[in-house]
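# Survey of secondary and tertiary structure
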Amino acid sequence: MKLSGGVEWALHCCVVLTAATEPVPAARLAELHDVSPSYLAKQMQALSRAGLVKSVQGKTGGYVLTRAAGEITLLDVVQAVDGANPAFVCTEIRQRGPFGAPPEECAKACPIARAMGAADAAWRASLASVSVADLAGSVERDSGPEALPAIGAWLNADREAGA
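It should be emphasised that the depicted structure is a prediction, and the values quoted were computed from it without experimental measurement.

Thresholds applied
As a convention, each chain's residues are numbered from 1 in the sequence order in which they are written. Only residues with pLDDT of at least 70 are given local features in this predicted model, and only at 80 or more are side-chain atom pairs given and counted; all residues enter the totals for whole chains, interfaces and linings. Computation of side-chain values covers all heavy atoms of the structure but excludes hydrogens and water. Each helix is a run of DSSP H or I of at least 4 residues and each strand a run of E of at least 2, with the numbering of both proceeding from the N terminus. Exposure is judged per residue with a 1.4 Å probe applied to protein chains only, and the accessible area is read against the type maximum: over 50% gives exposed, under 20% gives buried, and values in between give partly exposed. Salt bridges, as used here, are contacts in which a Lys or Arg side-chain nitrogen is within 4 Å of a carboxyl oxygen on Asp or Glu. It only takes one pair of heavy atoms within 4.5 Å for two residues to be counted as in contact. Patch criteria: residues need more than 30% relative accessible area and no salt bridge. Like-charged residues are merged within 9 Å; nonpolar side chains of Val, Leu, Ile, Met, Phe, Trp and Tyr are merged within 5 Å. Using the Shrake-Rupley algorithm and a 1.4 Å probe, accessible areas are obtained, with residue cover drawn only from the displayed protein chains. A cavity here means a set of points on a 1 Å grid, drawn over the protein atoms and nothing else, where a 1.4 Å probe fits but cannot get out; a pocket is an open set with protein on both sides within 12 Å along at least five of seven lines, and a residue lines either one if it has an atom within 4 Å of a point. Grid points are joined across faces, edges and corners, and a volume is the space filled by probe spheres set on the points. Ten residue types, Ala, Val, Leu, Ile, Met, Phe, Trp, Tyr, Cys and Pro, are classed as nonpolar, four, Asp, Glu, Lys and Arg, as charged, and the remainder, Gly among them, as polar.

## Comments concerning the environment of Arg49
Turning to its location among the elements, Arg49 is positioned in helix 3 (residues 37-49). Overall, the relative accessible area of 67% leaves Arg49 in the exposed class. Along the backbone, Arg49 and Val81 are 32 residues apart, and their C-alpha atoms lie at a distance of 9.7 Å.

Structure below.
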């Protein structure tokens, strides 16, 4: 299974947005992760189109999660960024070549298509079983309980200084 780099960026942004007390501009998220602002903005727009984040307009605008982090799964983010298409698409190769089967003999999916479909379903179920809140909890366990609050404070520092 190959995912775009945008999935990683989007997941990191969703996790750090759990710690933000105010909307966070995409440029600030890009600065935090030291990534391209324009590419990160595309990922945030994909998350917004999927209804996972919303853009707040104005001087103190930026992005916020649209619902509780426990209600946003990794599958939601993957599908927002990379789409919902299956990883494997059967092209009915068994109908080709000198021993090709006629279409009427191919009413049932072949063993390869069934195995790949089962693998895709298992992968999606695994992603659907992990939420952004689960990831934030892992960050806390791995990096300490002060890690995300420190990031949240940094994300909102410019706004607090200007207030």
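## Focus on the pattern of salt bridges
Here the structure, examined in full by the defined rule, presents four salt bridges. Measuring nitrogen to oxygen at the nearest pair gives 3.4 Å for the salt bridge that ties Arg67 to Asp76. Take Asp76: its relative accessible area is 24%, and that puts it in the partly exposed class. Salt-bridge contacts for Glu92 lead to Arg94; the nearest nitrogen and oxygen are separated by 2.6 Å. The partly exposed category is assigned to Arg94, whose relative accessible area is 25%.

## Looking at the environment of Leu17
Along the polypeptide, Leu17 turns up in helix 1 (residues 5-17). Linking Leu17 and Gly51, residues 34 residues apart in sequence, is a C-alpha distance of 15 Å. Ignoring sequence-local partners within four residues, the contact set of Leu17 consists of Val24, Leu29, Met44, Val53, Tyr63 and Leu65.

## A short note on a nonpolar patch on the surface
A contiguous nonpolar surface patch, about 260 Å² in accessible area, is contributed by Phe88, Ile112 and Met116. Along the chain, Ile112 turns up in helix 5 (residues 111-128). The class for Ile112 is exposed, based on a relative accessible area of 56%.

## Here's the deal with the layout of surface pockets
Within this model, the largest pocket holds a volume of roughly 170 Å³. Lining the largest pocket we find Leu11, His12, Val15, Val16, Leu32, His33, Leu135, Val139, Leu148 and Ile151. When contributions to the lining of the largest pocket are tallied by element, the ones reaching two or more residues are helix 1, helix 2 (26-33), helix 6 (132-143) and helix 7 (147-162). A total of four residues in the lining of the largest pocket trace back to one element, the largest contributor, which is helix 1. Its residues assigned to classes, the lining of the largest pocket comprises eight nonpolar, two polar and no charged.

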